[in-house]
Amino acid sequence: MNAGRPAVLVFAGADPSGGAGIQADVQAIAALGAHPLSVITVLTVQDNDRVYGIHPVDADLVRRQAQALIDKIDIAAVKIGIVGTRPNAEAIADLLQVLRQRRPALPVVLDPVLASGHGDALAADSPAQLVSTLLPFATIVTPNLPEAAALCGELAPERQAAALLGQCAHVLIKGGHADGDDVVNRWFSAHAGRTWRWPRLPGSFHGSGCTLASALAARLAAGAPMEAALDQAQAYCHRALASAYAVADGQRMPHRNITLGDSA
């Protein structure tokens, strides 16, 4: 039994630039008081702007990485990013089924990453099909506007959320790709909902979606109710983006080495 920090099991790709993927997940989860357990699903060739190649990890190795952790460590939440291939998605689904037998209310945060910010491919198989394999296990799915459109069609956010709520309990549709002075994020569930407005920050950022989803998983692992966890994760993410720094021209890196108190 984990007597220290709650552990978050993460399935995601590795980003050599350190800005997105598993590197972003580890930083955000640790900053918000949980312990990250990282299972690599895809090796990538990328910098802070573009993805030049992907090399999915074999599904058996994905399974073995996770199983070694599950056998020893109590898992308080799961965060899923890119998975790369259908066999990987199926392996993760099998693992989630086992974890849910142990802890039926286990929070699972699914970040349905369909492509990089520039549209570069992040999976060998259809990303939407991979998401559909994992969606029934998700507690919450966190698509941005292009991802919601790819999964549900060019519909109003309310109708997109309704389609996704048929498969999971909560949906957060993120508005970073829209225009306007504010970023509007909308939470939908069967019995509750809320809209957040955050001042739009200048420039672009590498790994903002990973940061938000992982922060959310960390707060859910700590036992926060969904609305409070969403509020805290977004506040943390906005502060990390507001203090982002450059390592080269192009997208800036969120400054994730801040605490929840700093982001208030």
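The structure we're discussing is the one just above.
Rules and cut-offs
- Residues numbered from 1 in each chain as written.
- Predicted model: local features only at pLDDT ≥ 70, side-chain atom pairs only at ≥ 80, totals over all residues.
- Heavy atoms only, no water.
- Helix = DSSP H or I, 4+ residues; strand = E, 2+ residues; numbered from the N terminus.
- Rg over C-alpha atoms; globule rule 2.2 N^0.38 Å.
- Buried < 20%, exposed > 50% of the residue type's maximum accessible area, 1.4 Å probe, protein only.
- Contact = heavy atoms within 4.5 Å.
- Polar contact = N/O pair within 3.5 Å; in protein donor to acceptor, adjacent residues only side chain to side chain.
- Core = buried A, V, L, I, M, F, W, Y, C linked by side-chain atoms within 4.5 Å.
- Pairing = 2+ DSSP bridges.
- Phe/Tyr/Trp six-rings, centres within 6.5 Å; stacked < 30°, edge-to-face > 60°.
- Axes fitted to C-alpha atoms, helices over the stretch in contact; angles between N-to-C directions.

**Overview of the overall build of the chain**
Here is step 1 of the chain: Each helix and strand counted, the chain has 8 helices and 9 strands in total.
Here is step 2 of the chain: For 264 residues, the compact-globule estimate of 2.2 N^0.38 gives 18 Å, and the C-alpha radius of gyration of the chain, at 17 Å, lies within 12% of that figure.
Here is step 3 of the chain: Dimensions along the principal axes, computed over C-alpha positions, put the chain at roughly 45 × 45 × 40 Å.
Here is step 4 of the chain: Residue burial in the chain is summarised as follows: out of 264 residues, 52% are buried.

**Examining helix α5 (residues 145-152)**
Here is step 1 of the chain: Residues E147, A148, A149 and C152 constitute the buried set of α5.
Here is step 2 of the chain: Contact partners of the buried residues in α5: α6 (157-165) and β7 (170-173).
Here is step 3 of the chain: The backbone nitrogen of E147 lies 2.8 Å from a side-chain oxygen of the residue at the head of α5, namely N144.
Here is step 4 of the chain: Positive backbone phi, at 95°, marks G153, one or two positions downstream of α5.

**A word on the nonpolar core**
Here is step 1 of the chain: L9, F11, V78, I80, L96, L134 and L216 are the most contacted members of the largest nonpolar core, which totals 79 residues.
Here is step 2 of the chain: For this core, the element with the most residues is helix α8 (residues 226-242), which contributes 9 residues.
Here is step 3 of the chain: Beyond its immediate stretch of four places on either side in the chain, F11 contacts V39, T41, V62, A66, V78, K79, I80, G81, I82, I92 and L95.

**Side note on the pairing of strand β3 (residues 51-56)**
Here is step 1 of the chain: Relative to β3, strand β2 (residues 35-46) is paired through 5 bridges, and the arrangement is antiparallel. Across the sheet, residue Q46 finds its bridge partner in β3, namely V51.
Here is step 2 of the chain: In textbook terms, the turn of a hairpin is the stretch between consecutive antiparallel strands, and for β2 and β3 this stretch comprises 4 residues.

**Focus on the packing of aromatic side chains**
Here is step 1 of the chain: This structure, assessed with the given rule, holds 1 aromatic pair.
Here is step 2 of the chain: Geometrically, the ring pair formed by W187 and W196 is tilted, given 6.4 Å between the ring centres and 40° between the ring planes.

**Digging into the environment of R197**
Here is step 1 of the chain: With respect to the helices and strands, the residue R197 is situated in strand β9 (residues 193-199).
Here is step 2 of the chain: Here the alpha-carbon distance between R197 and G175, two residues 22 residues apart in the chain, equals 9.2 Å.
Here is step 3 of the chain: Residues in contact with R197, not counting those within four places in the same chain, are D182, V183 and V184.

**A look at the sheet that holds strand β1 (residues 7-14)**
Here is step 1 of the chain: The strand order across the open sheet formed by 9 strands is β3-β2-β1-β4-β5-β6-β7-β8-β9, and the pairing between neighbours is mixed. Each having just a single partner strand, β3 and β9 make up the two edges of the open sheet.
Here is step 2 of the chain: Running over the sheet, α6 touches β6 (140-141), β7 and β8 (182-189) and is turned about 145° from β7.
Here is step 3 of the chain: With respect to the sheet, helix α7 (residues 208-221) is in contact with β1, β4 (75-80), β5 (108-110), β6 and β7, its orientation differing from that of β4 by roughly 165°.

**A word on the pairing of β9**
Where a strand is regular, its side chains alternate between the two sheet faces.
Here is step 1 of the chain: Bridge analysis of β8 against β9 gives 7 bridges, and the strand direction is antiparallel. Bridged to N185 within β9 is W196.
Here is step 2 of the chain: Once β8 ends, the chain turns through 3 residues before running back antiparallel as β9.

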